[in-house]
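The lines below spell out each chain.
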Amino acid sequence: MVTSLDGRRFAEMVIQGANHLATNAQVVDALNVFPVPDGDTGTNMNLTMTSGAQEVKSHIQDHIGALSVSFAKGLLMGARGNSGVILSQLFRGFSKSIENKAAITSTEFADAFQAGIESAFKAIMKPVEGTILTVAREAAKKGVQVARKEKDITVVMEAILLEAQKTLNRTPEMLPVLKEVGVVDSGGQGLVFIYEGFLAELKGEELPDNPTAIPTMNELVSAEHHKHAQSFMNTADIKFGYCTEIMVRLEEEKLTKHPFSEEQFRQDLSQYGDSLLVIADDDIVKVHVHSEQPGAVLSYGQQYGSLIKIKIENMREQHSSIVGSETQHELVMEKKTREKKSYGIVAIAMGEGIAELFRSIGADAVIEGGQTMNPSTEDILNAIKEVNAEKIMILPNNKNIVMASEQAAEMADGEIVVIPSKTVPQGMAALLAFNPSSTLEKNKQAMFAALQHVKSGQVTYAVRDTNIEGIAINKDDYMGIFEGKIVETSSDLLTASKQLIDKMIDEDDEIITIIYGQDATSEQVDELVTYIEQEYDEIEVEVHSGKQPLYSFIFAIE
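Conventions adopted
- Residues numbered from 1 in each chain as written.
- Predicted model: local features only at pLDDT ≥ 70, side-chain atom pairs only at ≥ 80, totals over all residues.
- Heavy atoms only, no water.
- Helix = DSSP H or I, 4+ residues; strand = E, 2+ residues; numbered from the N terminus.
- Buried < 20%, exposed > 50% of the residue type's maximum accessible area, 1.4 Å probe, protein only.
- Contact = heavy atoms within 4.5 Å.
- Areas by Shrake-Rupley, 256 points an atom, 1.4 Å probe, with all protein chains shown as cover.
- pLDDT = per-residue confidence, 0-100.
- Pairing = 2+ DSSP bridges.
- Axes fitted to C-alpha atoms, helices over the stretch in contact; angles between N-to-C directions.
- Expected span 1.5 Å × (residues − 1).
- 1 Å grid on protein atoms, 1.4 Å probe; cavity = no way out; pocket = protein on both sides within 12 Å on 5 of 7 lines; lining within 4 Å.
- Points joined across faces, edges and corners; volume = space filled by probe spheres on them.
- Nonpolar A, V, L, I, M, F, W, Y, C, P; charged D, E, K, R; others polar.
- Phe/Tyr/Trp six-rings, centres within 6.5 Å; stacked < 30°, edge-to-face > 60°.
- Lys NZ or Arg CZ within 6 Å of the ring centre and 35° of its normal.

Novice: Whenever I open this one, the overall build of the protein confuses me. Can you help?
Specialist: Regarding its fold elements, the protein presents 22 helices and 19 strands. Relative to its 558 residues, the protein shows a buried fraction of 57%. Sequence-distant contacts in the protein: of pairs separated by 6 or more residues, those separated by 24 or more amount to 73%. A total accessible area of about 24,000 Å² is found for the protein, and carbon and sulfur atoms account for 46% of it.

What follows is the structure in structure tokens.
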């Protein structure tokens, strides 16, 4: 029976919770509703929780209050994405309720979870039912009820976890889009994994090292790239520079000479690099590895059969636009003077072309981030400090970065305003509305107004089959997204792009800006421009190379 919880025991709970979430981060990523190739709830929660656990490991002590303060600080500074910010707020409230206590009872333990709920709900302007907040709230409520009669903290944690699991299973009934797609809430699932780790530690149990559910190869590769991105501060640090994917069809003739064993196959390939994934399915073997010798990987695979799919990418070339670092995103600054300026602009951008666009229209600092890797609260805080201005405007340019930006603004000194741009076009429109000669309040009003005067569209591809709001989407189809809603799909990129433009343009529009990504060819861009000029002869067309990953085209229409 555990009737008193001190700092050292709680530290082990945190570490176990972080490890269990890390093991299952790919599972959480796979639960994202939209089938876009940037499902990152698990990645964001994992990085946030890892930051908290690292702070705990550095400050292990008997006093649970002091230990929890370290945990909350680590979460706060490492918070990424909306899910990470909410997680940090849950344990910020938890920490504040026990910060003066050396050890806590079951009642105080349960009350701390409830305090976390109050903190998180204050931080969210419009809480939505059927999300991580609902799971956390119902679990905390149950914990308080059980703790009134139960002194054993393990029993209270068991009740909290059970209620969290029950509520998670009900989230599709609370949020229609979850039911339509057939998944539970991803953030809620991440929280359940953390709670499972907490309980296992209290019971003295070891949790499995394997994920609860096995994601598909594509989901594993996507998540592996997220994880791999955390390992390097500079391009020069990349030890294995070629992302190599092959698919081998096993052939009986070759198998007589080289009998296939998945375990041996995996072990042999491990000598060629890291981030290795091997999945064998009947007569097909799928391989993903980061290697300096992609040719050797191909040759090894050929010993067992025919190569029916080959994909090799130079990660050093792509590094600046698709990866971040564990503690800091690449910050691009115009260092003209260290004297404090009146105004400063911080923008978040994905793709070096988009980053250059923001710099060209007035951004002082651009944080490399966006869809593939959300910057942390600490990344944004560092940018605010580097800008060195009395008044700073932050442009998140992604709905999943707004909360982290607001959290950084609250922690920073000076007058900081977050302009809640949810897309690149919104961010550009807001920045163009900025007037350095105007007051902070007038600039805020003008930039907020500009968000409403631009229409945003994106074209990307689906990572799985699904059905959303009556639209059937097949894996690898291209999707046209208008103001965050999937409105068109097609197996052809240009067809999806043209259909999206048709949906976006109306008779009052005057200009369309096309920002094309890494995957779009010059021929495709030219064909799209020709189509717009023929169909909408009064619309002016601007074209920029954004070099962004994942999104072939971004459209801004005004």
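Novice: Honestly, the environment of alanine 446 in this entry has me stumped. Any pointers?
Specialist: Along the polypeptide, alanine 446 turns up in helix 20 (residues 440-451). For the pair alanine 446 and leucine 432, spaced 14 residues apart in sequence, the C-alpha to C-alpha distance is 9.7 Å.

Novice: When you look at the confidence of the model for the protein in this model, what are you seeing that I'm missing?
Specialist: Low pLDDT marks regions whose predicted coordinates should not be analysed in detail. Summary statistics for the protein give a mean pLDDT of 86 and a share of 88% for residues scoring 70 or more. Helix 11 (residues 217-229) is the least confidently modelled element of the protein, averaging 46 in pLDDT, while strand 2 (residues 103-104) averages 97, the highest of any element. This stretch, residues 319-330, has a pLDDT under 50; its non-local contacts, to residues over four places away or in other chains, come to 47 contacts. Contacts of residues 333-337 to residues separated by more than four positions or lying in other chains number 7 contacts, the stretch itself having pLDDT below 50.

Novice: Looking at this structure, I do not really get the sheet that holds strand 16 (residues 485-490). What am I missing?
Specialist: Where strands meet in a sheet, backbone hydrogen bonds hold them as pairs that are either parallel or antiparallel. Strand order in this open sheet of 6 strands is 16-15-12-19-17-18, and the pairing throughout is mixed. Each of the sheet's edge strands pairs with one partner strand only, and the pair in question is strand 16 and strand 18 (540-545). This sheet shows a mean twist of 20° between the axes of neighbouring strands, independent of strand direction. Sheet topology note: the strand 12 (residues 455-461)/strand 15 (residues 478-482) ladder contains 5 bridges and is antiparallel. Following the sheet pairing, glutamine 458 is matched in strand 15 by isoleucine 481. Packing against the sheet, helix 16 (residues 352-360) makes contact with strand 17 (511-516), strand 18 and strand 19 (553-557), and its axis sits at approximately 120° to strand 18.

Novice: Even after reading the chapter, I still don't get helix 7 (residues 132-147), so can you show me in this structure?
Specialist: Each α-helix turn comprises 3.6 residues. Residues three or four places apart therefore point the same way. Look at helix 7: 22 Å from first C-alpha to last across 16 residues, which is about the 22 Å you get at 1.5 Å a residue. Among the residues of helix 7, those classed as buried are Ile132, Leu133, Thr134, Val135, Ala136, Glu138, Ala139, Ala140, Gly143, Val144 and Ala147.

Novice: How do you make sense of empty space enclosed by the protein when you look at a structure like this?
Specialist: Space left empty within the atom packing is revealed by a probe, the size of a water molecule, rolled over the atoms. All told, the structure shown has 2 cavities of 30 Å³ or more when counted by the stated rule. Considered as a void within the structure, the second largest cavity measures approximately 50 Å³ in volume. Forming the boundary of the second largest cavity are Leu90, Phe91, Phe94, Ala112, Phe113, Gly116, Ile117, Ala136 and Tyr195. Of all elements in the fold, only helix 5 (81-98) and helix 6 (106-123) reach the threshold of two or more residues within the lining of the second largest cavity. Broken down by element, the residue count for the lining of the second largest cavity peaks at 4 residues, all from helix 6. Classifying every residue of the lining of the second largest cavity by side-chain character gives 8 nonpolar, 1 polar and no charged.

Novice: Just to check I follow, could you spell out the packing of aromatic side chains for this structure?
Specialist: Centre distance and the angle of the planes are the two values used to describe a pair of aromatic rings. For the coordinates displayed, the defined rule picks out 18 aromatic pairs. Summarising the aromatic geometry, the rings of phenylalanine 113 and tyrosine 195 are spaced 5.6 Å apart at their centres and angled 90° between planes, so their arrangement reads as edge-to-face. Note that phenylalanine 113 is positioned in helix 6 and tyrosine 195 in helix 10 (residues 186-203), a separation of 82 residues in sequence. Ring pairs connect the aromatic residues Phe10, Phe71, Phe91, Phe94, Phe109, Phe113, Tyr195 and Phe198, which therefore count as one cluster. Positioned above the aromatic ring of tyrosine 343, the side-chain terminus of lysine 391 is 4.9 Å from the ring centre.

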